[in-house]
Amino acid sequence: MLADMPDRKIILKFLFLSLLAGSFLFLALGCNGGSTSTSASTQTRTSEADYNPKIVPGDFVDKIDNKYYPLIPGTTFVYEGKTGDGAERNEVTVTSDTKVILGVKCVVVHDKVTVEGKLKEETYDWYAQNKDGSVWYFGEDATSYENGRVTSTSGSWEAGRNDAKPGIIMKANPARGDSWRQEFRKGEAEDMAEVIALNEPATVPAGTFQGCIKTKDWTPLEPKIEENKLYCPVAGVVSSKMVKGGSDSMQLVEIRKG
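In this report, the structure presented in the accompanying data block is examined. (Residues numbered from 1 in each chain as written. Predicted model: local features only at pLDDT ≥ 70, side-chain atom pairs only at ≥ 80, totals over all residues. Heavy atoms only, no water.)

## Side note on the overall build of the chain
Thought 1: Scanning the chain from terminus to terminus reveals one helix and 16 strands.
Thought 2: When the 258 residues of the chain are sorted by exposure, 38% land in the buried category.
Thought 3: For the chain, the share of sequence-separated contacts (at least 6 apart) that also reach a separation of at least 24 residues comes to 44%.
Thought 4: Element-wise, carbon and sulfur atoms account for 53% of the exposed surface of the chain, whose accessible area totals about 15200 Å². (Helix = DSSP H or I, 4+ residues; strand = E, 2+ residues; numbered from the N terminus. Buried < 20%, exposed > 50% of the residue type's maximum accessible area, 1.4 Å probe, protein only. Contact = heavy atoms within 4.5 Å. Areas by Shrake-Rupley, 256 points an atom, 1.4 Å probe, with all protein chains shown as cover.)

In structure tokens, the structure reads:
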């Protein structure tokens, strides 16, 4: 039996080489792991740094008639729902006013939110449609209220100022899996959207709609919050519902045309 056993020196040499190989493997994996982590963070930073949409004023048109996001002056969309603060009502009015941003003439949309009958937020949003049919979002003048007094304007931003950049609020022909930035001002406005379903039906107090698209909306600034929205032809947004981080929901109850 002893004659059949390998020489002790051979065994020790084998163990030494095995340990040495293991050490190299550990170092290699450690280096690769570090590189992957750095690469991922670098990619995130690069994607933000590389987001620099080229805005050519001549590529935009005077009207916004995207079927999933129509903004016809004189139209008011009325939404009602429940939030953690109580019953909420949101009136979105497309005005005939315009504002020029980055050389583009934008439509001004007045958005007023009340909770339990008291004014909570008021914004003036600026949109324009590219000739390819996509609707761009150029910023907002936002004011928050508490007991009738202004408490904050921190949500305000305008493309071209303080490194803020416009985003797309709705593509002309969105496909499942499409995702895009809706706005971008680092640390302030980083909303994203992704199409997760097509040809969805929707029934809300304002009516029944077909051929709607469903989106997942989120922001890396609040990673624990996620919302689903339904956009329908002619009506635009007909519902929104938080699916992560809360239970707030809103539905379109009326469309008034001036």
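Back to the text.
## Some remarks on the nonpolar core
Thought 1: Membership of the largest hydrophobic core comes to 48 residues, with the highest contact counts inside it found for Tyr69, Tyr127, Phe138, Met170 and Val238.
Thought 2: Every residue in contact with phenylalanine 138, bar those within four places of it in the chain, is listed here: Ile55, Phe60, Ile101, Leu102, Val104, Cys106, Trp126, Ala128, Trp157, Glu158, Ala159 and Pro166. (Core = buried A, V, L, I, M, F, W, Y, C linked by side-chain atoms within 4.5 Å.)

## Digging into the side chain of glutamate 158
Thought 1: Residue position: glutamate 158 is located in strand E8 (residues 157-158).
Thought 2: For glutamate 158, a relative accessible area of 14% translates into the label buried.
Thought 3: If we ignore the near neighbours within four places in the chain, the residues touching glutamate 158 are Lys99, Ile101, Trp126, Phe138, Gly139 and Ala164.

## Regarding the side chain of threonine 83
Thought 1: By secondary structure assignment, the location of threonine 83 is in strand E2 (residues 75-83).
Thought 2: When sequence neighbours within four positions are dropped, the list of residues in contact with threonine 83 reads Glu88 and Asp248.

## Quick look at the state of the cysteines
Thought 1: If you walk through the whole model with that rule in mind, you get one disulfide.
Thought 2: The side chain of cysteine 212 participates in a disulfide bridge whose partner is cysteine 232; the two sulfur atoms lie 2.1 Å from each other. Since a negative S-S torsion denotes a left-handed disulfide, the cysteine 212-cysteine 232 link at about 105° is right-handed. Separated by 20 residues along the polypeptide, cysteine 212 in strand E13 (residues 207-218) and cysteine 232 in strand E14 (residues 226-232) bring together distant segments of the chain. The same class applies to cysteine 212 and to cysteine 232, which are both buried. (Disulfide = S-S within 2.5 Å.)

## Here's the deal with the environment of aspartate 85
Thought 1: Here aspartate 85 shows up in the loop between E2 and strand E3 (86-101).
Thought 2: In this structure, the C-alpha to C-alpha distance between aspartate 85 and aspartate 248, residues 163 residues apart in sequence, is 9.4 Å.
Thought 3: In this structure, aspartate 85 is in contact with Val115, Glu116 and Lys120, ignoring residues within four places of it in sequence.
Thought 4: Among the polar contacts listed, one links the side chain of aspartate 85 to the side chain of lysine 120, at a separation of 3.1 Å. (Polar contact = N/O pair within 3.5 Å; in protein donor to acceptor, adjacent residues only side chain to side chain.)

## Notes on unusual backbone geometry
Thought 1: One non-glycine residue with positive phi stands out, namely asparagine 147, at about 55°.
Thought 2: With respect to the helices and strands, the residue asparagine 147 is situated in the loop between strand E6 (135-146) and strand E7 (149-152).
Thought 3: Backbone geometry at asparagine 162 places phi at a positive 50°, although glycine is not the residue there.
Thought 4: The topology assignment puts asparagine 162 in the loop between E8 and strand E9 (165-170).

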